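The residues making up each chain are set out below.
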Amino acid sequence: MYGRPCEAYKGKIQIVACDAGLTFAEKIASELERMCTGGCNTELGGFVCPGGVMGERGNRTGLKETHFANTEVKTIIDDSIGGSRVFIVQDVENSTCGKYQFVYESFVSFARQEETKTGFKQLFHESFGFELDAQYFDQVYSNFMDSVSFKKDFSSFEAHLTNKKGDDNSYVAMLKSIVPGVRSSDDAEFNEFLSAVGGKLLSSQEFFTRHSVNDNFMALKTAIDAAKEARASEITAVLPVFPYARQDKVLDREGLTARMVSREIEDAGMGVVKRVLTMDIHNRAIRGFFRTAQLETLYSSKNLIAAINDIIGFNDMVCISPDIGGATRARHVANKTGSKMGIIYKERDYSNPSTIASAQLIGDIVQYEVDPIAQLREIDRMVNGDISDPEVARQIMRRIRQFVDSKGKGLSSLIIDDLVATFGTGDKGCRLVKEEGAMNVSFAAALSLLNHPALVLLDRLHSDGVLNYFFTTNAVTHDRAIIDARDYYIEVPVEDVFAEAIFRIEHNGSVSKMYD
């Protein structure tokens, strides 16, 4: 919570964080403190804030967020925020915020309903964190459905679920029967296996389930409503990732969900939500979906460019857009760094989500001492002339030898995207660029959701020698262990971008001039 700052300040400000937004909110708050240490007379990016201090930071505004068993969400704001200007921070894609459930609960429910194989495959992935290989699937499904424990003795498992009593060895045996490739009777080895593939807590027989985007979005709306009921004078929703941003256009009989989300944010505050702050939104036209609130899009390119320049530099670099829609983004980085530019032209298979039918690279990622195209044109011109002259024939042969002997130098390539989900298209793009002759390939994305199997694909690309570095921001919160275990994974902080935007808003400054 912040007290009253300098005279130019509009009013009392409160930083409120939903559970999933707490990690990023604390980083923003720390950055705001750093910016105003010793007073606000210092120049900030060309904007001068006169007089006073921003105030000391105490405890964050008391906010209690409850997720009920039926997935309903309730939010209570404990502290007084009447008359305050409130910034509510929510990271809807936070992969570390969720709840622990019993493994039994989901599998017993599944067995009772006698779901299909497809449902079992999805449940297995959600429970254990990885997908079954096709060669194992039928065997595992059969083992599961034939299991005496699940099909004939629900009562013992329900007692175990309710009272946390029962035979742990039977629990281990049950898991071994449905997890492929585990045949050892050594429980310690099995525990290590579970920890490696899914992070299961065998001792308490629980597993972690992250809150969904919908759970977190509902938490944001209940927080907005609670702030309104607490008589906040003005609310700004801080969303590092704008939910449903990729559903921004109508191609057929489908809902325009990004518009619906925009209006739900406004409606939750009933006129009190004045502004939404987000980063690298998929389509800036989403701003037009808001009726009363203003959408401010912040950009991570400055921070990403600085980090990339420090680690690999931009000498002999080609900035590549993974699709035509992202060409503006790649061109911006190329212009800022003096690099060349390329585009991957993709044809999608819209019958399957995130599936590319074909792809080809437009642009040069190999540099020749002698232009091979010019050589071929000259040979063609000479062949169409009088080749009966021995001197002309010798010149043609010399040109042909020069063409054959010409060797190209692969350039460094940086594929630049706004968002990474499963990384399926990114994986194909990296491999295509490498096959086309790039000396090395790195990937940069403003927002990384890291939905399965993104990490599997990234690890495989790196181990195959295709991917050098993966650059992304900390706008989406992930487990530090995931990042620290990968030397190629570079996380770039962007809380300073949000802090400066909040600072400018609260001091009547221009957010757009941050990028001048």
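All figures in this text were calculated on a predicted structure; none of them were measured in a lab.

Notes on the overall build of the chain
Each helix and strand counted, the chain has 18 helices and 20 strands in total. By the burial criterion, 47% of the 516 residues in the chain qualify as buried. Nonlocal contacts in the chain, meaning residues at least 24 apart in sequence, comprise 68% of its contacts between residues at least 6 apart. For the chain, the exposed area adds up to about 25500 Å²; of that, 47% sits on carbon and sulfur atoms.

Here's the deal with the sheet that holds strand β10 (residues 273–279)
Reading across the sheet, the five strands line up as β1-β6-β9-β10-β11 and stay open at both edges, with parallel pairing between neighbours. Each edge of the open sheet carries a strand with a single partner, namely β1 (13–17) and β11 (294–298). If you compare each strand with its neighbour and ignore which way they point, the axes differ by 20° on average. One ladder, built from five bridges, connects strand β9 (residues 234–239) with β10; its direction is parallel. Counted as the bridge partner of Thr236 is Arg275 from β10. Strands β6 (85–89), β9 and β10 of the sheet are contacted by helix α9 (residues 213–229), whose axis makes an angle of about 165° with β9. Strands in contact with helix α18 (residues 495–506) are β1, β6, β9, β10 and β11; relative to β10, the strand with the most contacts, it is inclined by about 155°.

Quick look at the packing of aromatic side chains
Under the defined criterion, the tally for this structure stands at seven aromatic pairs. With a centroid separation of 6.0 Å and an interplanar angle of 25°, the aromatic rings of Phe443 and Phe470 are classed as stacked. In this pair, Phe443 is assigned in strand β18 (residues 440–448) and Phe470 in strand β19 (residues 467–473), connecting sequence segments 27 residues apart. We note that Phe443, like Phe470, is buried. Judged by centre distance (5.4 Å) and plane angle (55°), the rings of Phe470 and Tyr489 are tilted. You can see Phe470 sitting in strand β19 and its partner Tyr489 sitting in strand β20 (residues 489–492), a full 19 residues away along the chain. Judged by its relative accessible area of 4%, Tyr489 is buried.

Here we look at the pattern of salt bridges
Summed over the entire model, instances satisfying the criterion amount to 17 salt bridges. One salt bridge connects Arg85 with Glu506, and the closest N-O pair in it is separated by 2.8 Å. Remark: Glu506 occurs in helix α18 and Arg85 occurs in strand β6; sequence separation between them is 421 residues. Neither Arg85 nor Glu506 differs from the other in exposure class; each is buried. One salt bridge in this structure joins Glu266 and Arg291, with 3.1 Å as the shortest N-O distance. Of this pair, Glu266 sits in helix α10 (residues 257–269) while Arg291 sits in the loop between β10 and β11; the two residues are 25 residues apart in sequence, bridging distant segments of the chain. Residues joined in a network through salt bridges with shared partners are Arg85, Glu234, Arg275 and Glu506.

Section: the pairing of β1
Of all five residues making up β1, five are buried, and the element is well covered by its neighbours. Neither face of β1 is open: one carries Ile13, Ile15 and Ala17, the other Gln14 and Val16, and all of them are buried. As judged from the five bridges shared by β1 and β6, these two strands associate in the parallel manner. Within β6, the residue paired with Ile15 across the bridge is Phe87.

Details of the packing of α9 against α10
Axis separation between α9 and α10 bottoms out at 7 Å; the angle between their running directions is 30°. Relative to α10, the element α9 lies roughly parallel. When α9 is examined against α10, the residues Phe217, Lys221, Ile224, Asp225 and Lys228 are found in contact with a partner set consisting of Val261, Glu264, Ile265, Ala268 and Gly269. Tallied by class, the residues present in the contact of α9 with α10 amount to five nonpolar, one polar and four charged.

Structural notes on α9
Because each turn of an α-helix spans 3.6 residues, side chains separated by three or four positions in sequence point in the same direction. Spanning 17 residues, α9 covers 24 Å between terminal C-alpha atoms, matching the ideal 24 Å at 1.5 Å per step. Among the 17 residues of α9, 12 are classified as buried, and the element is accordingly described as predominantly covered. Of the residues making up α9, those classed as buried are Asp215, Asn216, Phe217, Ala219, Leu220, Lys221, Thr222, Ala223, Ile224, Ala226, Ala227 and Lys228. Each element contacted by the buried residues of α9 is listed here: β4 (63–67), β5 (73–77), β6, β9, α10 and β10. Positive backbone phi, approximately 70°, marks Arg231, located one or two places after α9.

So, the nonpolar core
Membership of the largest hydrophobic core comes to 68 residues, with the highest contact counts inside it found for Ile88, Ile235, Phe242, Ile265 and Ile286. Discounting residues that sit within four places of it in the chain, Ile235 has contacts with Val86, Ile88, Ile224, Ala227, Lys228, Val272, Val273, Lys274 and Arg275. By size, the runner-up hydrophobic cluster in this structure holds 28 residues, among which are Ile320, Val420, Cys430 and Val466.

Digging into the environment of Ile308
Within the element layout of this structure, Ile308 appears in helix α11 (residues 301–311). Residue class for Ile308 comes out buried when judged on its relative accessible area of 3%. Those residues within four positions of Ile308 in sequence are excluded, and the remaining contacts are Gly313, Phe314, Leu414, Ala444 and Phe471.

Considering unusual backbone geometry
Here the bond from His452 into Pro453 is cis, since omega is 5°, no more than 30 degrees from zero. Residue position: Pro453 is located in the loop between β18 and α16 (454–463). At Asn508, a position not held by glycine, the phi torsion is positive, near 60°. Among the structural elements, Asn508 can be located in the segment after α18. The class of Asn508 is exposed, set by a relative accessible area of 57%.

The rules behind each value
- Residues numbered from 1 in each chain as written.
- Predicted model: local features only at pLDDT ≥ 70, side-chain atom pairs only at ≥ 80, totals over all residues.
- Heavy atoms only, no water.
- Helix = DSSP H or I, 4+ residues; strand = E, 2+ residues; numbered from the N terminus.
- Buried < 20%, exposed > 50% of the residue type's maximum accessible area, 1.4 Å probe, protein only.
- Contact = heavy atoms within 4.5 Å.
- Areas by Shrake-Rupley, 256 points an atom, 1.4 Å probe, with all protein chains shown as cover.
- Pairing = 2+ DSSP bridges.
- Axes fitted to C-alpha atoms, helices over the stretch in contact; angles between N-to-C directions.
- Phe/Tyr/Trp six-rings, centres within 6.5 Å; stacked < 30°, edge-to-face > 60°.
- Salt bridge = Lys/Arg side-chain N within 4 Å of Asp/Glu carboxyl O.
- Parallel < 35°, antiparallel > 145°, perpendicular 65-115°, else oblique.
- Nonpolar A, V, L, I, M, F, W, Y, C, P; charged D, E, K, R; others polar.
- Expected span 1.5 Å × (residues − 1).
- Core = buried A, V, L, I, M, F, W, Y, C linked by side-chain atoms within 4.5 Å.

As far as function goes, none of this settles anything; it's purely spatial.
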